[in-house]
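Read off the chains here:
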Amino acid sequence: MAIEELDIRPKVSSLLSRLVNYTNITQGAREHEEAENTETLRRKSPNMGTLMGVYLPCLQNIFGVILFLRLTWIVGTAGIVQSFLIVLMCCSCTMLTAISMSAIATNGVVPAGGAYFMISRSLGAEFGGAVGICFYLGTTFAAAMYILGAIEIFLKYLVPQAAIFHASDHHGGDSAILNNMRVYGTICLSLMAVVVFVGVKYVNKLASLFLACVIISIVSIYAGAIKSVFQPPDFSICMLGNRTLVRDQFDVCSKTVLEGNVTVPSQLWRNFCSSGNMSSPQCDDYFNQNNVTEIQGIPGLASGIIRDNMWGDYREKGQILEKAGLPSVDVHGAVESIGLYVSADIATSFTLLVGIFFPSATGIMAGSNRSGDLKDAQKSIPIGTILAITTTTLHFRCCVHVLSCRFGDAVSKNLVVGTLSWPSPWVIVIGSFFSTVGAGLQSLTGAPRLLQAIAKDNIIPFLRVFGHGKANGEPTWALLLTGLIAELGILIASLDMVAPILSMFFLMCYLFVNLACAVQTLLRTPNWRPRFKYYHWALSFLGMSMCLALMFISSWYYAIVAMCIAGMIYKYIEAEKEWGDGIRGLSLSAARYSLLRLELGPPHTKNWRPQVLVLLKLDEDLHVKYPRLLTFVSQLKAGKGLTIVGSVIQGQFLDSYGETQASEQAVKNMMEIERVKGFCQVVVASKVREGIAHLIQSCGLGGMKHNTVVMGWPYGWRQSEDPRAWKTFINTVRCTTAAHLALMVPKNVSFYPSNHERFTDGTIDVWWIVHDGGMLMLLPFLLKQHKVWRKCKMRIFTVAQMDDNSIQMKKDLATFLYQLRIEAEVEVVEMHDSDISAYTYERTLMMEQRSQMLRQMRLSSAEREREVHNYTSTNIHRITPAQLVKDRHSLIRMGSLYSDEEEEVVEPVADKIQMTWTKERYEAERRNRNNAPENFRELMNLAVCSDAELLVITVLNSGPDMEFLEVLTEGLERVLLVRGGGREVITIYS
């Protein structure tokens, strides 16, 4: 039994086999590689553990070009304390992000796409697309950064003779270096792109070599650090006074040398002196008055170097590097000698160093991107990622104490960290070169696949082409775009300038990873069941805050640019995909909270706006009959408030479900065309008016209900033999009255303007006859907010009788409009009492001519009396100085409108006449009926000028006289009939 147990234990040979077969290619790339090797794609069973699948890939991605090329410079510039703070900030940020990422990654399988997939499925397509593009750009610029690092190692430490451009003087050194970086960087990028295009299997075969280079380099640094405690390396730096000299400009650190028995000037002397004759030298003043000394660049841990390098030493560009504590005579030297000293090539600051260092802390997504290849992803991703971050954090902190040397170019163009390594500096030089090349290849391999994953989700239309590639799925077009973007980074040619750009995009990605974890945790969605339990929403918010702070600490303008890019992509994406994201759950929670708050009471008058229920009529083909009704609503609402579009299908629900779905889709399509943002509801009822009554009663939810009904005018009701054409309309008006809802009926709606039209002039005329709570004042104001009606002026007409002071009425109304902050012209129309009586008689006469119609209404006597009572009470309580006076005769005739009996029209008895009528006036009116003028309509038509684009008038009561409305609005192109809901909707107070 013991022998069997020994047989199943992991052997050294199996570990070496895994190292040889190690790959750092993402899951999508592995699938493409298998497609090249086999005609029938058969996925291998996932068998990678924590070490090979997560820990080493993260380690390889984190240890990179910044560690080898910039860490010593960062420590020498910022000092130990601030360098420790930089490492602490960056590594804490990545550790908190790793905790959030572990929770998300263990909540299900994460396929190709990695961070993009996690964020898009947690925060929605909009956030996922925006952050996915940022992550893609970050990975692409990472490829450029790694390539620039490899070229810097190649030109400065491996083959300096390969430089094409050379500086003519010390001023042209920077431009020559940048041009060399551009040329060789472009060549290197092209070669890498060709390797990735040919096949990722070649990159996969080199992955173990790159990993070995990283591991050997790290071990070599630690071995050299331990050795330096007992035997510091010979790493001398030549100093003139307290100034550091560029060592490759001379051979011997001395002013003179001994050749035989003769003291002669050294090469250093000849650099500072114009004459080689020591008897009459013409040398630089600083050179003459200061001595040349040599100091150890790495004196060892026991030398007290940690105390000396405790605090920072930031410099401006071109400032000479000086070492405190060395004797020096402070005199100005010749300008020509500046190129002989080591000087700062860029201006340094704490924020700049944070941006340059942060890319060395990235790479934590390497494990989550390979979840499909892991044997137990829920176990391996958290353990491997957190262990990798812990290891690299400890390594960086050790390096802060070990590599605290301020001198970079002063060591004969040797890599500073290489001089610390054991057994030879070439171990670090060669290892770092291959490590950066491998990291660049991995970035060029992963970035196109990330872009391909975004393109295949079809959330950004113009990226669809990048979802295609070769027959085996290789993202050819995405690789081409990645190469072009990486070339932009190559043309920048400065590693220190590319690193902050890279930091912005990765920090943006990490920020949303933390946000995704926090949102899912707080919402407690049923599907949020991560196996990783050591997370908390507070840690996620802390990580998110640190990411945001690091963005602005590193570079506030780069941070703004990155956020603008993400914001524009977010606004551009209009995804209709349901991925079960957390933002949808957050929206539901916020909606529930808001609805409960609305239940506390009705909205204040200051917050009142039309919450519209639009009643649409569909034709036999289920098409919207009057789409301009939706156009009018979109212009009135401008995307604000609640809009519900309802329609009724006559029939039985069990038989008409499919028709209902088709109708809803047709209405939604028309709403999208007319740019109406709202909800659609189609109901099935045995009778249309019952369905409309159901919509009026039940639409909306809680406090988010409609307060206004918009419906079309029943055109052709005179010619229609079907009485339902006008019965349904009248019943709807009665329902809105009973529900205390406002009502708007756009008449001649087909003549209303479309959203593409513009009125350059004209007016909106409002006839303020009955005070309706301010509806007539508010509606034109809302319409004028839309670009179609914006240039129209507003005019208010009101009616005055002969005993009214029309001048004072005009002043009072103008003052009222001023207090309402509404700009409008005021017109007062004066009418005689006889004109009003004639208007009343005209209305009564038209009712008598419609006796045939009245008999078809089929209303009971009780209903008729209720309508008369409603009509009377409504108008008595709304009398204003500008209101028309109705007589008793018209009320009786209104009652007969709903009669289903052939009643004899009884003339009212004279002694029962009330209100403004007397017996004498009544008898006189009867004698002059045949000669009654149509003064009221004539006056209104005269007042409505030819430039009026819309007429708004209140004439709808609980029982509207349709014949009267037809005659009243005859010849008018656009009329909006309005009835208030019985409450004030506008106020003069702030």
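The name recorded for the protein chain in an unreviewed UniProt entry is Solute carrier family 12 member 4, from Hucho hucho. Regarding the protein chain, the relevant UniProt record gives this comment under Catalytic activity (unreviewed entry): "K(+)(in) + chloride(in) = K(+)(out) + chloride(out)". Checking UniProt for the protein chain, the heading Subcellular location (unreviewed entry) contains the comment "Cell membrane".

S.K.: Break down the overall build of the protein chain for me, citing the residues and quoting the values.
M.R.: Secondary structure summary: the protein chain contains 35 helices and 15 strands in total. Here the protein chain, with 990 residues, has 53% of them falling under the buried criterion. Here the contacts in the protein chain between residues at least 6 apart in sequence split such that 81% fall between residues at least 24 apart. Carbon and sulfur atoms provide 57% of the accessible area of the protein chain, an area that totals close to 45,800 Å².

S.K.: So what's going on with the sheet that holds strand S2 (residues 243-244)? Which residues, and what values?
M.R.: Across the sheet, which stays open at both edges, the three strands sit in the order S2-S1-S5 with antiparallel pairing between neighbours. Of all strands in the sheet, those with a lone pairing partner are S2 and strand S5 (292-296), marking the two edges. Examined bridge by bridge, strand S1 (residues 236-240) and S2 share two bridges and lie antiparallel to one another. Looking at the pairing, Met 239 lines up with Thr 244 of S2.

S.K.: I'd like a rundown of the confidence of the model for the protein chain, residues and numbers included.
M.R.: Across the protein chain, the average pLDDT comes to 75, with 74% of residues at or above 70. At the level of individual helices and strands, the protein chain shows its lowest average pLDDT in helix H32 (residues 888-895), which scores 36, and its highest in helix H20 (residues 537-554), which scores 93. Low pLDDT, under 50, characterises residues 1-10; the stretch is placed with zero contacts to residues that sit more than four places away or in other chains. Low confidence marks residues 403-408, where pLDDT is under 50. Its contacts with residues over four positions away, or in another chain, come to 30 contacts.

S.K.: Tell me about helix H23 (residues 628-637), residues and numbers included.
M.R.: Burial within H23 is extensive, with nine of its ten residues counted as buried. If you check which residues of H23 are buried, you get Leu 629, Leu 630, Thr 631, Phe 632, Val 633, Ser 634, Gln 635, Leu 636 and Lys 637.

S.K.: Talk me through the state of the cysteines; I want residue IDs and the actual numbers.
M.R.: A complete count under the given rule lists two disulfides for this structure. One disulfide bridge connects Cys 238 with Cys 253, the sulfur atoms lying 2.0 Å from each other. On the sign convention where negative is left-handed, the bridge of Cys 238 and Cys 253, at about 85° about the S-S bond, is right-handed. Of this pair, Cys 238 sits in strand S1 while Cys 253 sits in the loop between S2 and strand S3 (256-259); the two residues are 15 residues apart in sequence, bridging distant segments of the chain. On the basis of relative accessible area, Cys 253 is assigned to the buried category, the value being 14%. Disulfide pairing places Cys 273 opposite Cys 283 at an S-S distance of 1.7 Å. On the sign convention where negative means left-handed, the S-S torsion of about 105° between Cys 273 and Cys 283 marks this disulfide as right-handed. Residue Cys 273 is located in the loop between helix H11 (267-272) and helix H12 (285-289), and its partner Cys 283 is located in the loop between H11 and H12; the two are separated by ten residues in the primary sequence.

S.K.: Give me the pairing of strand S7 (residues 643-650): which residues, what numbers.
M.R.: Of all eight residues in S7, seven are buried, a share of seventy percent or more. Sheet topology places strand S6 (residues 612-615) next to S7; four bridges connect them, and they run parallel. Across the sheet, the residue bridging to Leu 615 is Gly 646, located in S7. The pairing of S7 with strand S8 (residues 679-685) spans seven bridges and is classified as parallel. Across the sheet, the residue bridging to Ser 647 is Val 682, located in S8. Handedness of the crossover joining S7 and S8 through helix H24 (residues 653-673): right-handed.

S.K.: Help me get a handle on the sheet that holds S6, residues and values and all.
M.R.: One open sheet holds the ten strands; their spatial order is S8-S7-S6-S9-S10-S15-S14-S11-S12-S13, and the pairing between them is mixed. Only two strands of the sheet have a single neighbouring strand rather than two, namely S8 and strand S13 (825-831). With direction set aside, neighbouring strand axes in the sheet form an average angle of 20°. Relative to S8, H24 is tilted by about 155°, and along the sheet it contacts S7 and S8. Its contacts with the sheet put helix H25 (residues 688-698) on S6, S7 and S8, and the angle it makes with S7 is roughly 155°.

S.K.: Now, about helix H17 (residues 425-456): what can you tell me, with residues and values included?
M.R.: Between its first and last C-alpha atoms H17 spans 47 Å; for 32 residues at 1.5 Å apiece the expected length is 46 Å, and the two agree. Just downstream of H17, Asn 458 is the residue with a positive phi angle, here 60°.

S.K.: Hey, could you go over a positive patch on the surface for me, with residue numbers and the actual values?
M.R.: Side chains of Arg 675, Arg 758, Lys 787 and Arg 790 sit close together on the surface and give a patch of like positive charge. If you trace the backbone, Lys 787 turns up in the loop between helix H27 (775-783) and strand S12 (793-801). A residue is classified by how much of its surface remains accessible, and Lys 787, at 35% relative accessible area, is partly exposed.

S.K.: Pulling in residues and values, what's your account of the packing of helix H14 (residues 350-357) against H20?
M.R.: Put simply, H14 and H20 touch, their axes get as near as 7 Å, and they point 120° apart. Judged on the interaxial angle alone, H20 and H14 are oblique. In this structure, H14 contributes Thr 351, Leu 352, Val 354 and Gly 355 to the contact, and H20 contributes Leu 550, Ile 553 and Ser 554. Per-class residue counts for the contact of H14 with H20 are four nonpolar, three polar and no charged.

S.K.: I'd like to hear about the nonpolar core, residue by residue, with values.
M.R.: Judged by nonpolar contacts, the single largest core of 139 residues is most densely connected at Met 145, Phe 357, Met 365, Phe 396 and Phe 512. The leading source of residues in this core is helix H8 (residues 125-158), at 22 residues. The contacts of Phe 357, once residues within four sequence positions are left out, are Ile 66, Leu 71, Ile 74, Ile 86, Val 87, Cys 90 and Phe 396. If you look at the next biggest cluster of nonpolar residues, it comprises 52 residues, including Ile 649, Met 777, Val 788 and Leu 817.

S.K.: Which residues make up the pattern of salt bridges, and what values do they have?
M.R.: Under the defined criterion, the tally for this structure stands at seven salt bridges. The shortest N-O distance in the salt bridge between Asp 313 and Arg 315 comes to 2.6 Å. A residue is classified by how much of its surface remains accessible, and Asp 313, at 25% relative accessible area, is partly exposed. For Arg 974, the salt bridge goes to Glu 949, with nearest N and O atoms at 3.1 Å. Here Arg 974, found in the loop between helix H35 (962-968) and strand S15 (975-979), pairs with Glu 949, found in strand S14 (residues 948-954); they are 25 residues apart in sequence, far enough to count as distant. The class of Glu 949 is buried, set by a relative accessible area of 16%. Salt bridges sharing partners connect three or more residues here, namely Arg 70, Glu 152 and Asp 496.

S.K.: So what's going on with the packing of aromatic side chains? Which residues, and what values?
M.R.: According to the stated counting rule, one finds 22 aromatic pairs in the structure shown. For the pair Trp 269 and Phe 287, a centre-to-centre distance of 5.9 Å together with 85° between the ring planes defines the contact as edge-to-face. With Trp 269 in helix H11 and Phe 287 in helix H12, this residue pair connects regions lying 18 residues apart in the sequence. For the pair shown, Trp 269 and Phe 287 are each scored as buried. On the numbers, 4.8 Å between centres and 10° between planes, the contact of Phe 272 with Phe 287 is stacked. Residue Phe 272 is found in helix H11, and its partner Phe 287 is found in helix H12; the two are separated by 15 residues along the sequence. Pair check on accessibility: Phe 272 and Phe 287 agree, each one buried. Put simply, the rings of Trp 269, Phe 272, Tyr 286, Phe 287 and Tyr 341 touch in pairs and so form one group of aromatic residues. Between the NZ or CZ atom of Arg 243 and the centre of the ring of Tyr 286, over which it lies, the distance is 3.9 Å.

Basis of the calculations
- In this convention, every chain numbers its residues from 1, walking through the sequence in written order.
- For this predicted model, a pLDDT threshold of at least 70 governs which residues receive local features, and a threshold of 80 or more governs which side-chain atom pairs are given and counted, while totals over whole chains, interfaces and linings are taken from all residues.
- To get the side-chain values, take all heavy atoms of the structure and skip hydrogens and water.
- UniProt positions are given in the numbering used here, feature names are shortened, and annotations may be inferred rather than shown by experiment.
- A run of H or I in DSSP counts as a helix once it spans at least four residues, and a run of E counts as a strand once it spans at least two, with each numbered from the N terminus.
- Three labels apply to residues, based on accessible area from a 1.4 Å probe with only protein chains included: buried if under 20% of the type maximum, exposed if over 50%, partly exposed otherwise in between.
- Whether two residues are in contact is decided by their heavy atoms: any pair within 4.5 Å suffices.
- Using a 1.4 Å probe, the Shrake-Rupley method yields the accessible areas, and only the shown protein chains count as cover for residues.
- Whether two strands pair comes down to DSSP finding at least two bridges between them.
- Confidence of the predictor at the level of single residues is given by pLDDT, which spans 0 to 100.
- Criterion for a disulfide: a pair of cysteine sulfur atoms at a distance within 2.5 Å.
- The crossover handedness rule: strands pointing away from the viewer, path from first strand over the helix to second strand clockwise, crossover right-handed.
- Helix axes are fitted only over the stretch in contact, all axes being lines through C-alpha atoms; the angle between N-to-C directions runs from 0 to 180 degrees.
- What a helix is expected to span follows from its residue count: subtract one and scale by 1.5 Å.
- Note on patches: the residues involved have over 30% relative accessible area and no salt bridge, like charges join within 9 Å, and the nonpolar side chains Val, Leu, Ile, Met, Phe, Trp and Tyr join within 5 Å.
- Put simply, a salt bridge is a Lys or Arg side-chain nitrogen that is within 4 Å of an Asp or Glu carboxyl oxygen.
- The convention is simple: Lys and Arg are positive, Asp and Glu are negative, and His and the chain ends are not counted.
- A charge is said to be at NZ when it belongs to Lys, at CZ for Arg, at CG for Asp and at CD for Glu.
- Each angle is binned into one of four classes, with values under 35 degrees roughly parallel, values over 145 roughly antiparallel, values of 65 to 115 roughly perpendicular, and all other values oblique.
- In this count, Pro and Cys sit with the nonpolar residues alongside Ala, Val, Leu, Ile, Met, Phe, Trp and Tyr, while Asp, Glu, Lys and Arg are called charged and the others, Gly among them, polar.
- What is meant by a nonpolar core is a set of buried Ala, Val, Leu, Ile, Met, Phe, Trp, Tyr and Cys residues, joined one to another through side-chain atoms within 4.5 Å.
- Note on aromatic pairs: the rings of Phe, Tyr and Trp (six-membered ring only in Trp) are paired at centre separations within 6.5 Å, and the planes decide the class, stacked below 30 degrees, edge-to-face beyond 60, tilted for the rest.
- Only when the NZ of Lys or the CZ of Arg is both within 6 Å of the ring centre and within 35 degrees of the ring normal is a charge said to sit over the ring.

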